[in-house]
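# Chains, contacts and geometry: an overview
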Amino acid sequence: MSILDLILIAVGLSMDACAVSICKGLACREQNWRHNLLAGLYFGGFQGLMPVIGYLVGVNFSSAISSIDHWVAFVLLAFIGGSMIKEAFGPEEAVDASFRPKEMLTMAVATSIDALAIGVSFAFLPDVNIAAAAGLIAGITFVLSAAGISIGSVFGSRFKSKAEIAGGVILIGIGLKILLEHLGILA
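Every value quoted in this text rests on a predicted model; they were computed, and no experiment measured them.

Calculation rules
- Throughout this description, residue numbers start from 1 for each chain and increase along the sequence as written.
- It should be noted that, the model being predicted, local features are given only for residues of pLDDT at least 70 and side-chain atom pairs only at 80 or more, the latter also being counted only at that level, while totals for whole chains, interfaces and linings use all residues.
- Think of the side-chain values as coming from all heavy atoms in the structure, minus any hydrogens and water.
- Angles run from 0 to 180 degrees between N-to-C directions of axes, and those axes are lines fitted to C-alpha atoms, restricted for helices to the stretch in contact.
- Numbered from the N terminus, helices here are DSSP runs of H or I no shorter than four residues, and strands are runs of E no shorter than two.
- Roughly parallel means an angle under 35 degrees; roughly antiparallel means over 145; roughly perpendicular covers 65 to 115; every other angle is labelled oblique.
- Helix crossings get a hand from a simple test, with the near helix turned counterclockwise from the far one by less than a right angle marking a left-handed crossing and a clockwise turn marking a right-handed one.
- Charged residues are taken to be Asp, Glu, Lys and Arg, nonpolar residues to be Ala, Val, Leu, Ile, Met, Phe, Trp, Tyr, Cys and Pro, and polar residues to be all remaining types, Gly included.
- Only one rule defines a salt bridge in this text: a Lys or Arg side-chain nitrogen within 4 Å of an Asp or Glu carboxyl oxygen.
- Take the residue count of a helix, subtract one, and multiply by 1.5 Å to get its expected span.
- Each residue is placed in one exposure class: buried if its accessible area under a 1.4 Å probe, protein chains only, is under 20% of its type's maximum, exposed if it is over 50%, and partly exposed if it falls in between.
- Side-chain atoms alone can form a polar contact between residues adjacent in sequence; in general such a contact is a pair of N or O atoms within 3.5 Å, and within protein one must be able to donate a hydrogen while the other accepts it.
- Any residue with an atom within 4 Å of a point lines the site, the site being either a cavity, points on a 1 Å grid over the protein atoms alone where a 1.4 Å probe fits but cannot get out, or a pocket, an open set with protein on both sides within 12 Å along at least 5 of 7 lines.
- Grid points are joined across faces, edges and corners, and a volume is the space filled by probe spheres set on the points.

### Observations concerning the packing of helix α1 (residues 3-27) against helix α5 (residues 130-155)
With their axes 7 Å apart at the nearest point, α1 and α5 run at an angle of 30° to one another. Regarding the angle of α1 to α5, the classification is roughly parallel. In terms of crossing hand, the pair formed by α1 and α5 is right-handed. Along the lines of polarity and charge, the residues of the contact of α1 with α5 split into 18 nonpolar, eight polar and one charged.

### Describing the pattern of salt bridges
Pairing between side chains of opposite charge can happen when their charged atoms approach one another. The final tally for this structure, using the stated rule, is three salt bridges. The shortest N-O distance in the salt bridge between Asp5 and Lys177 comes to 2.8 Å. One end of the pair, Asp5, is in helix α1; the other, Lys177, is in helix α6 (residues 160-182), with 172 residues separating them in the sequence. Between Glu103 and Arg100 there is a salt bridge; the shortest N-O distance is 3.0 Å. Each of Asp5, Lys177 and Glu181 takes part in salt bridges that share partners, so that together they form one network.

### Quick look at α5
Here α5 contains 26 residues, and its C-alpha end-to-end distance of 35 Å stays within 8% of the 38 Å for a straight helix at 1.5 Å per residue. Of the residues making up α5, those classed as buried are Ile130, Ala133, Ala134, Ile137, Ala138, Ile140, Thr141, Ser145, Ala146, Gly148, Ile149 and Gly152. Structurally, the start of α5 carries an N-cap: the backbone nitrogen of Ala131 is 3.1 Å from a side-chain oxygen of Asn129.

### A closer look at the layout of surface pockets
The computed volume of the second largest pocket comes to approximately 180 Å³. Of all the secondary-structure elements, those providing two or more residues to the lining of the second largest pocket are α3 (69-88) and α6. Ranked by the residues each element gives to the lining of the second largest pocket, the list is headed by α6, at three residues. Partitioned by chemical class, the residues of the lining of the second largest pocket number five nonpolar, two polar and four charged.

Listed below in structure tokens is the structure:
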């Protein structure tokens, strides 16, 4: 998997957290750099941790299903991407302005479940350095989530659904690329 693929996956995964950060920024009465930092740390931290957990789980099963690993990666990425696109067209979720640990922890875990599944799919791919991938996912999510607070406070919620759609399309595209490369259609 190329560095560009990993960057695109990281951006795609971070779109849920970025969308929540935009909504949190919209709900905040005033811009505060601590809110940006907290959003980046919570969302980036969990987005980086979950692929590692998923990878460790997936490694235990990778030898048992190595003949269909490309299909597993494709299905997981397509499902996660499709879910993100579907959420973009669904009803607005209420997000409050609280940055208390309980609320932030809940949202960080909720937005990183898809990263857990990506970690499982990484276990089925032969050339993924999980430490580098998790670090890249965490870093990109940190930056986009921290920026999301400011974007929300300045521009409002009009970018939330576009971010989710973009993330979903990116993940589906990466899954399709993995499948087509394995089938020999893409070189």
